[in-house]
Amino acid sequence: MKTGTIKFSYRNPQPVKGWGCRFDSLTELRFAISVIEDHALMRSPVSLYFHPGSGQLAHFPKSAYRRYTPDFLIRNYETKKATLVEIKPRAFEDQSSLALHQLVANNYIRSLKLDWQYKVIFDDQIILSAEQLTQYHDCLQLATKDRFKWYEEYYKRITGNAHLTAHKSNAEMKFLMRGWLPEK
């Protein structure tokens with residue numbers, strides 16, 4: 001039997017979007033639901049410009065350079081560990097772009113002396129609790145245009161924060177970016 005890898009091709013994702021936040025797919029929404037109780041999170045936290053041949057970073061866009069934007073920055077409330085996350089379908093596992101993006105992200109983290117790590121999370125690694133799964137299925141029952149409103153309400157209920165990722169306070173941003181908590 002002949003074996004080989006199947007080339008992965010994207011299908012049109014179902015975006016979940018609204019003012020201040022956008023998920024490119026329901027997989028990203030599922031990931032956000034899975035971590036929101038234990039982690040501060042930000043969608044598309046940084047754009048990294050790099051030379052595609054060498055992976056060398058550029059501080060601003062240059063011709064012949066490409067842009068890579070990881071999906072999330074998360075930081076665990078308890079351990080204070082931060083992770084720059086890329087969400088991909090498992091079928092994307094063997095794509096060469098993943099290694100290049102990992103190199104670029106790690107160069108960025110190292111050059112800015114951040115305490116982050118970079119991680120690719122595949123869709124089959126996102127595990128929801130029974131309650132989270134129920135909530136996710138409730139969201140799926142809604143019309144596509146109503147899903148962001150659902151996420152907004154879910155975010156407020158779980159975090160107690162009335163603001164979405166694009167509207168974080170300075171204290172929340174300091175925690176996400178550097179792990180610094182406000183003084184008491």
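Up top is the structure.
Note that the coordinates shown come from a computational prediction; the quantities given were computed from them, not determined experimentally.

What counts and what doesn't
- Residues numbered from 1 in each chain as written.
- Predicted model: local features only at pLDDT ≥ 70, side-chain atom pairs only at ≥ 80, totals over all residues.
- Heavy atoms only, no water.
- Salt bridge = Lys/Arg side-chain N within 4 Å of Asp/Glu carboxyl O.
- Buried < 20%, exposed > 50% of the residue type's maximum accessible area, 1.4 Å probe, protein only.
- Helix = DSSP H or I, 4+ residues; strand = E, 2+ residues; numbered from the N terminus.
- Pairing = 2+ DSSP bridges.
- Contact = heavy atoms within 4.5 Å.
- Axes fitted to C-alpha atoms, helices over the stretch in contact; angles between N-to-C directions.
- Parallel < 35°, antiparallel > 145°, perpendicular 65-115°, else oblique.
- Nonpolar A, V, L, I, M, F, W, Y, C, P; charged D, E, K, R; others polar.
- Polar contact = N/O pair within 3.5 Å; in protein donor to acceptor, adjacent residues only side chain to side chain.
- Expected span 1.5 Å × (residues − 1).
- Phe/Tyr/Trp six-rings, centres within 6.5 Å; stacked < 30°, edge-to-face > 60°.
- Lys NZ or Arg CZ within 6 Å of the ring centre and 35° of its normal.

Student: I'd like to hear about the pattern of salt bridges, residue by residue, with values.
Tutor: Per the counting criterion, the structure on display carries ten salt bridges. Across the salt bridge formed by Lys-88 and Glu-86, the nearest N and O atoms sit 3.3 Å from each other. The same class applies to Lys-88 as to Glu-86, namely buried. Ionic pairing is found between Lys-149 and Glu-152, a salt bridge with its closest N-O pair at 3.6 Å. Taken together, the positions of Lys-149 and Glu-152, both in helix 4 (residues 147-159) and three residues apart, correspond to about one turn of that helix. For Lys-149, a relative accessible area of 47% translates into the label partly exposed.

Student: Go over the sheet that holds strand 4 (residues 48-50) with me, naming the residues and quoting the values.
Tutor: Read from one edge to the other, the open sheet built from three strands follows the order 5-4-6, with strand pairing classed as antiparallel. The open sheet has two edge strands, strand 5 (57-58) and strand 6 (66-68), and neither has a second partner. Sheet analysis places strand 4 next to strand 6, joined by three bridges and oriented antiparallel. Bridging from a neighbouring strand, Leu-48 pairs with Tyr-68 of strand 6. Most of the contacts of helix 2 (residues 96-111) go to strand 4, to which it runs at about 115°, and overall it touches strand 4, strand 5 and strand 6.

Student: Which residues make up the packing of helix 3 (residues 130-140) against helix 4, and what values do they have?
Tutor: Two elements in contact, helix 3 and helix 4, have axes separated by 9 Å at closest approach and are oriented at 150°. Judged by the angle between their axes, helix 3 and helix 4 are roughly antiparallel. Contacts from Gln-132, Gln-135, Tyr-136, Asp-138, Cys-139 and Leu-140 of helix 3 reach helix 4 at Arg-147, Trp-150, Tyr-154 and Arg-157. Partitioned by chemical class, the residues of the contact of helix 3 with helix 4 number five nonpolar, two polar and three charged.

Student: I'd like a rundown of the side chain of His-39, residues and numbers included.
Tutor: Note on placement: His-39 falls in strand 3 (residues 39-43). With a relative accessible area of 15%, His-39 lands in the buried category. Among the polar contacts listed, one links the side chain of His-39 to the side chain of Asn-76, at a separation of 3.4 Å. In this structure, His-39 is in contact with Ile-74, Arg-75, Asn-76 and Tyr-77, ignoring residues within four places of it in sequence.

Student: Report on helix 4, specifying residues and quantitative values.
Tutor: Between its first and last C-alpha, helix 4 extends 18 Å over 13 residues, near the 18 Å set by a 1.5 Å rise per residue. Inspection of helix 4 places Arg-147, Phe-148, Trp-150, Tyr-151, Glu-152, Tyr-154 and Tyr-155 among the buried residues, and these make up the whole buried set. Looking one or two residues past helix 4, Gly-160 carries a phi angle of roughly 75°, positive in sign.

Student: Describe the packing of aromatic side chains, and please don't skip the residues or the numbers.
Tutor: Enumeration according to the criterion identifies nine aromatic pairs in this entry. Arranged with centres 5.8 Å apart and planes meeting at 10°, the rings of Tyr-77 and Phe-175 form a pair that is stacked. Here Tyr-77 is found in the loop between strand 7 (72-76) and strand 8 (82-88), whereas its partner Phe-175 is found in helix 5 (residues 170-178), with 98 residues between them in sequence. Tyr-77 sits in the partly exposed class, given a relative accessible area of 40%. Taken together through their ring pairs, the aromatic side chains of Phe-23, Phe-31, Phe-72, Phe-148, Tyr-151 and Tyr-155 make up a single cluster. Above the plane of the ring of Phe-72 lies Arg-43, whose end atom (NZ or CZ) is 5.5 Å from the centre. Taking NZ or CZ as reference, Lys-88 lies 4.4 Å from the ring centre of Phe-92, over its face.

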